[in-house]
Amino acid sequence: MNLFKRIEVILLLLLAAGGAVWVLSGSSNGDVYDLAPQIQSGAESVENRVQRCTLERDHGNARLDLEFRFQNQEPRKLTLRPPQVRLLTSAGKEVPPFFLPFEPQPEIAASSSQDVRLRYWLEKSDLQGALILDVQGEKLDVKSAAPFDLEKLKNKEPRSFTDTNWTP
């Protein structure tokens, strides 16, 4: 028995070939399958600002998830890692970033604005003064100079702040 003499096999091969041609010939500009984040055009004026900070205590330290909007005015993409982006204490100490091994570095496309999330690993002493996010020389206030008592937070219980005045 010859496999290609059966009409069902020929129809399945034609359907598979047609599906492959349809998938490969589709354009990726604005399709419903485009999973890229929505980016505004650089023509609009966007205010660079910190939108939310989430602090999660881990015994004597804390992880800070910083969500902010930034407009990249450069003609090339901006990869958000030191030295382009740094979180500084009021004493000028740089706070180390917190990263997961296989998590890609966030990027902002050229001449666009985007919402971004960065993570940092804070010590108890880092919360005794102001925290400032420095993105390519532009400074964004994260936390005011008022000291924050990390001991008042429950361990492993995230707490969100939408302004710079953090209270436990």
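In case you missed it, the structure is sitting above this.
Residues numbered from 1 in each chain as written. Predicted model: local features only at pLDDT ≥ 70, side-chain atom pairs only at ≥ 80, totals over all residues. Heavy atoms only, no water.

(A) Quick look at the side chain of Thr 89. Looking at the secondary structure, you find Thr 89 in strand 5 (residues 85-89). Taking the relative accessible area as the measure of exposure, Thr 89 reaches 9% and is therefore buried. In this structure Thr 89 touches Val 95, Asp 126, Ala 130 and Leu 131, once residues within four positions along its chain are discounted. (Helix = DSSP H or I, 4+ residues; strand = E, 2+ residues; numbered from the N terminus. Buried < 20%, exposed > 50% of the residue type's maximum accessible area, 1.4 Å probe, protein only. Contact = heavy atoms within 4.5 Å.)

(B) Representation of a nonpolar patch on the surface. Taken together, the side chains of Ile 7, Ile 10, Leu 11 and Leu 14 present a nonpolar region at the surface, about 390 Å² in accessible area. Mapping Ile 7 onto the fold places it in helix 1 (residues 7-25). (Patch = residues over 30% accessible without salt bridge, like charges linked within 9 Å, V, L, I, M, F, W, Y side chains within 5 Å. Areas by Shrake-Rupley, 256 points an atom, 1.4 Å probe, with all protein chains shown as cover. Salt bridge = Lys/Arg side-chain N within 4 Å of Asp/Glu carboxyl O.)

(C) The arrangement of the sheet that holds strand 5 in detail. Spatially, 4 strands are ordered 6-5-9-10 in an open sheet, and the strand pairing comes out antiparallel. Taken across any chain shown, the strands that pair with only one partner, and hence form the sheet edges, are strand 6 (94-95) and strand 10 (138-143). (Pairing = 2+ DSSP bridges.)

(D) Quick peek at the side chain of Asp 65. You can see Asp 65 is positioned in strand 3 (residues 61-72). You can call Asp 65 buried: its relative accessible area is 8%. Side chain to side chain, Asp 65 and Arg 63 meet in a polar contact 3.1 Å long. Residues contacting Asp 65, with those up to four places away along its chain left out, are Arg 52, Cys 53, Thr 54, Arg 117, Leu 118 and Arg 119. (Polar contact = N/O pair within 3.5 Å; in protein donor to acceptor, adjacent residues only side chain to side chain.)

(E) Structural context of the nonpolar core. By size, the foremost hydrophobic cluster in this structure holds 29 residues, and its most contacted members are Leu 55, Leu 64, Phe 68, Leu 87, Leu 133, Val 142 and Trp 166. Per-element accounting of this core gives the leading share, 5 residues, to strand 3. Beyond its immediate chain neighbours, meaning those up to four positions away, Phe 68 contacts Arg 49, Val 50, Gln 51, Leu 80, Gln 114, Asp 115, Val 116, Leu 118, Leu 133, Val 135 and Leu 140. (Core = buried A, V, L, I, M, F, W, Y, C linked by side-chain atoms within 4.5 Å.)

(F) View of the environment of Pro 96. Along the polypeptide, Pro 96 turns up in the loop between strand 6 and strand 7 (107-108). Since its relative accessible area comes to 39%, Pro 96 is described here as partly exposed. Through-space distance from the C-alpha of Pro 96 to that of Glu 123 is 9.8 Å; in sequence the pair is 27 residues apart. Ignoring sequence-local partners within four residues, the contact set of Pro 96 consists of Tyr 120 and Trp 121.

(G) Geometry of the layout of surface pockets. By volume, the largest pocket amounts to about 250 Å³. For the largest pocket, the lining is made up of 15 residues, of which Phe 98, Phe 99, Gln 105, Pro 106 and Leu 118 are closest to its centre. Sort the elements by how many residues they give to the lining of the largest pocket and strand 8 (residues 112-123) lands first, with 4 residues. Taken together, the residues that form the lining of the largest pocket break down as 10 nonpolar, 1 polar and 4 charged. (1 Å grid on protein atoms, 1.4 Å probe; cavity = no way out; pocket = protein on both sides within 12 Å on 5 of 7 lines; lining within 4 Å. Points joined across faces, edges and corners; volume = space filled by probe spheres on them. Nonpolar A, V, L, I, M, F, W, Y, C, P; charged D, E, K, R; others polar.)

(H) Representation of the environment of Pro 75 in the model. Tracing the backbone through its elements, the reader meets Pro 75 in the loop between strand 3 and strand 4 (78-79). Taking relative accessible area as the criterion, Pro 75 reaches 70% and is therefore assigned exposed. The residues touching Pro 75, leaving out its near neighbours within four places in the chain, are Ala 110 and Ser 111.

(I) Geometry of the packing of aromatic side chains. A complete count under the given rule lists 4 aromatic pairs for this structure. Ring centres of Phe 98 and Trp 121 lie 5.7 Å apart, and the angle between their planes is 25 degrees; this geometry places the pair in the stacked category. Of this pair, Phe 98 sits in the loop between strand 6 and strand 7 while Trp 121 is found in strand 8, placing the two residues 23 residues apart along the sequence. Look at Phe 98 and you get partly exposed, because its relative accessible area is 26%. A centroid spacing of 4.8 Å and a plane angle of 10 degrees characterise the contact between Phe 161 and Trp 166, whose relative ring orientation is stacked. Overall, the relative accessible area of 5% leaves Trp 166 in the buried class. Among the aromatic residues, those joined into a ring-pair cluster are Phe 148, Phe 161 and Trp 166. (Phe/Tyr/Trp six-rings, centres within 6.5 Å; stacked < 30°, edge-to-face > 60°.)

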